[in-house]
Amino acid sequence: MRIILFTGKGGVGKSTVAAGTAALSAAGGHRTLVISTDAAHSLADAYGLGAVRPLEPTEVAPNLYLQQVDAQQRFEQSWADVQRYLLSVLDAVGMDPVAAEEMTVIPGAEEVLALLELRQHARRGGWDVIVIDCAPTAETLRLLALPEALGWYLERLLPIQRRLVRALRPLLDRAAGVPMPGDDVFDAITRLHDELDDVHDLLRGSGASVRLVLTPEQVVLAEARRAYTSLSLFGYRVDAVVANRVFPAADGDTWRAGWVRAQQAVLAEVQQSFAGLPVLTAPYQSAEPVGVEALGVLAAELYDATDPLAEPVGQGPFRVTRSQGAGAVIHLSLPFVTREDVDLARNGDELVLTVGSYRRLLTLPAGLARLRVVGARVADGELQVRFAEQPDQPDHRPDRQKKDAR
């Protein structure tokens, strides 16, 4: 099964490109599902379905199915036990029931639950291709980082909290005057984490990739570069860049000629910035592409003679190589990053990587956890962390290794 995610700055046309790619896939005979994780669903509009909002996979053309997730229904299924507990706590402190219900809804729940819907479809099978129309870049990055962050919390803190609550529940109930969480609450949180962790594995698998959609503008390009860095940091594979709404380089009036020159200058930067990745271009259409046929035509022109479903090549943004002796080197692709942008620390069997405003906790496999960090550097858009055998008298203090230029 092939999974393709489309993301980009709001307003660049990512929904149109995602819908067109799905239409082209279906036209090629592949059973294709397209899902939106964007709270502002627009896929039905792109296909010209008007007021139709399909909450279950609905066939809009041969082999082409569309679903816009019912976040409320999915939320109640995944979060009901936790929400009931939170409502009981807020009721005990006298909060208005309507306000309490609003307080127990997770910000960004719609995007998270759409990913859980993806998991269900992927695990059930029956699809050749799943296309995901993601939320704008910042929301997508937060969403894709969530499973790893939640996993760290659950593995380390939840067992401690669970034991404390069990031991102290009678005392806390009397002293605090509010109910303490039961096993059903902890089980619900653990179940949600397991489901998100499964999504994480799906989206970082060999059959999944992300495509960045941009328009030839400096501000948009800057955000796309940052997104590429952050996606690589969390181990997601970017396999193409889509430059959308490109003016044809034909004769025209002065105003349009100015736009053509400006876009061509930015497109040259796009080629340089994403060297090694295919840069696909979609010309500015003479009319808005609405409907399966129009979107299929746009996608056919976008991909030209290339396979729109081609699986990404290479080893992905994260790999481990063995060095001389018993050492090893971690390689993590971090395009556009300099050594001043990266902070690296070690705490036990974890590496803590901070790049800009994003932080990743990377749990080391057993073969590396027993080694010590002996150096790190950023070279050619890649962070390289070197490990070696522990000395005879190991230093158990946490390492803090700032990258160097060696």
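Please refer to the structure higher up on the page.
Everything numeric here is computed off the predicted structure, so don't read it as measured data.

Reading the values: rules and limits
- Residues numbered from 1 in each chain as written.
- Predicted model: local features only at pLDDT ≥ 70, side-chain atom pairs only at ≥ 80, totals over all residues.
- Heavy atoms only, no water.
- Phe/Tyr/Trp six-rings, centres within 6.5 Å; stacked < 30°, edge-to-face > 60°.
- Helix = DSSP H or I, 4+ residues; strand = E, 2+ residues; numbered from the N terminus.
- Pairing = 2+ DSSP bridges.
- Axes fitted to C-alpha atoms, helices over the stretch in contact; angles between N-to-C directions.
- 1 Å grid on protein atoms, 1.4 Å probe; cavity = no way out; pocket = protein on both sides within 12 Å on 5 of 7 lines; lining within 4 Å.
- Points joined across faces, edges and corners; volume = space filled by probe spheres on them.
- Nonpolar A, V, L, I, M, F, W, Y, C, P; charged D, E, K, R; others polar.

Explain the packing of aromatic side chains to me, please; I cannot follow it from the model alone.
In this description, a pair of aromatic rings is defined by centroid distance and the angle of the planes. A complete count under the given rule lists nine aromatic pairs for this structure. Ring geometry for Tyr 228 against Phe 336: centres 6.0 Å apart, planes inclined by 65 degrees, an arrangement best described as edge-to-face. With Tyr 228 in helix 9 (residues 218-233) and Phe 336 in the loop between strand 10 (328-333) and strand 11 (342-347), the pair connects residues that are 108 residues apart, well separated along the chain. Relative to Trp 259, the ring of Phe 247 lies with its centre 6.2 Å away and its plane at 45 degrees, an arrangement referred to as tilted.

What's the story with the sheet that holds strand 10 in this structure? I'm lost.
Hydrogen bonding along the main chain pairs the strands of a sheet, whether they run parallel or antiparallel. Read from one edge to the other, the open sheet built from four strands follows the order 9-10-15-14, with strand pairing classed as antiparallel. The sheet terminates laterally at strand 9 (318-322) and strand 14 (372-379), the two strands that pair on one side only. When the angles between neighbouring strand axes are averaged without regard to direction, this sheet yields 20 degrees.

Any chance you could explain empty space enclosed by the protein here in plain terms?
To locate leftover empty space, one rolls a probe as large as a water molecule over the atoms. Enumeration according to the criterion identifies one cavity of 30 Å³ or more in this entry. Estimates place the volume of the largest cavity at around 50 Å³. If you trace the largest cavity, you find it lined by Thr 7, Gly 8, Lys 9, Thr 137, Leu 212, Val 213, Val 220, Glu 223, Ala 224 and Ala 227. Only strand 1 (2-8), strand 6 (208-214) and helix 9 provide two or more residues apiece to the lining of the largest cavity. Per element, the largest residue contribution to the lining of the largest cavity is four residues, and it comes from helix 9. A breakdown of the residues in the lining of the largest cavity according to their chemical character gives five nonpolar, three polar and two charged.

Looking at this structure, how should I read the layout of surface pockets?
Taken as a whole, the largest pocket spans an internal volume of roughly 650 Å³. Around the largest pocket, the lining is made up of 34 residues, and of these Tyr 228, Val 238, Asp 239, Gly 276 and Leu 277 lie nearest the centre. When contributions to the lining of the largest pocket are tallied by element, the ones reaching two or more residues are helix 9, strand 7 (238-246) and helix 10 (254-273). Among the elements that line the lining of the largest pocket, the one with the most residues is strand 7, at three residues. Considered class by class, the residues forming the lining of the largest pocket number 17 nonpolar, ten polar and seven charged.

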